[in-house]
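# Chain and residue survey
Listed here are the chains, written in short residue letters.
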Amino acid sequence: MTIKTSLSAYIQSNTSIDKVVTNILFRYNPREGNDFYIVYDEGLNSNLSRENPRLPYSAGRTLLLKYTYTFRF
């Protein structure tokens, strides 16, 4: 996007446990040494009928906020 902001998206598939995981990461850098992150993570079941009763489509969601600050001693 710009030098101070970035957006990344990742998709991973795991066939051994029949799940698809997606991550969306937004990074904002207000000044050098400081970063603010917003991360959205969602797991999806790709084989809903592998258990009885059927699995839900979503295996879980997470919203994470992270702020890093670098300081000198």
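Residues numbered from 1 in each chain as written. Predicted model: local features only at pLDDT ≥ 70, side-chain atom pairs only at ≥ 80, totals over all residues. Heavy atoms only, no water.

For the rest of this paragraph, the subject is the overall build of the protein. Assigned secondary structure in the protein consists of 0 helices and 4 strands. Secondary structure elements of the protein occur, N-terminal to C-terminal, as β-β-β-β. Taken against the 2.2 N^0.38 rule, which gives 11 Å for 73 residues, the C-alpha radius of gyration of the protein at 17 Å runs more than 25% over that of a compact globule. Principal axes of the C-alpha set define a box for the protein whose edges measure 55 × 25 × 15 Å. Per-residue burial over the protein gives 16% buried out of 73 residues. Sequence-distant contacts, at least 24 apart, represent 33% of the contacts inside the protein between residues at least 6 apart. (Helix = DSSP H or I, 4+ residues; strand = E, 2+ residues; numbered from the N terminus. Rg over C-alpha atoms; globule rule 2.2 N^0.38 Å. Buried < 20%, exposed > 50% of the residue type's maximum accessible area, 1.4 Å probe, protein only. Contact = heavy atoms within 4.5 Å.)

Let us look at the packing of aromatic side chains. Under the counting rule described, the total for this entry stands at 1 aromatic pair. Seen in terms of ring centroids, Tyr69 and Phe71 are 6.2 Å apart; in terms of plane orientation they differ by 20°. Their pairing is stacked. (Phe/Tyr/Trp six-rings, centres within 6.5 Å; stacked < 30°, edge-to-face > 60°.)

As a further point, take a nonpolar patch on the surface. Among the surface-exposed residues, Tyr67, Tyr69, Phe71 and Phe73 lie close enough to one another that they form a single nonpolar patch of about 610 Å² accessible area. The residue Phe71 is located in the segment after β4 (58-69) in this model. (Patch = residues over 30% accessible without salt bridge, like charges linked within 9 Å, V, L, I, M, F, W, Y side chains within 5 Å. Areas by Shrake-Rupley, 256 points an atom, 1.4 Å probe, with all protein chains shown as cover. Salt bridge = Lys/Arg side-chain N within 4 Å of Asp/Glu carboxyl O.)

Below, the discussion takes up the confidence of the model for the protein. The predicted model of the protein has a mean per-residue pLDDT of 87, with 95% of residues at 70 or higher. When mean pLDDT is taken per element in the protein, strand β2 (residues 19-28) scores highest with 94 and β4 scores lowest with 91. (pLDDT = per-residue confidence, 0-100.)

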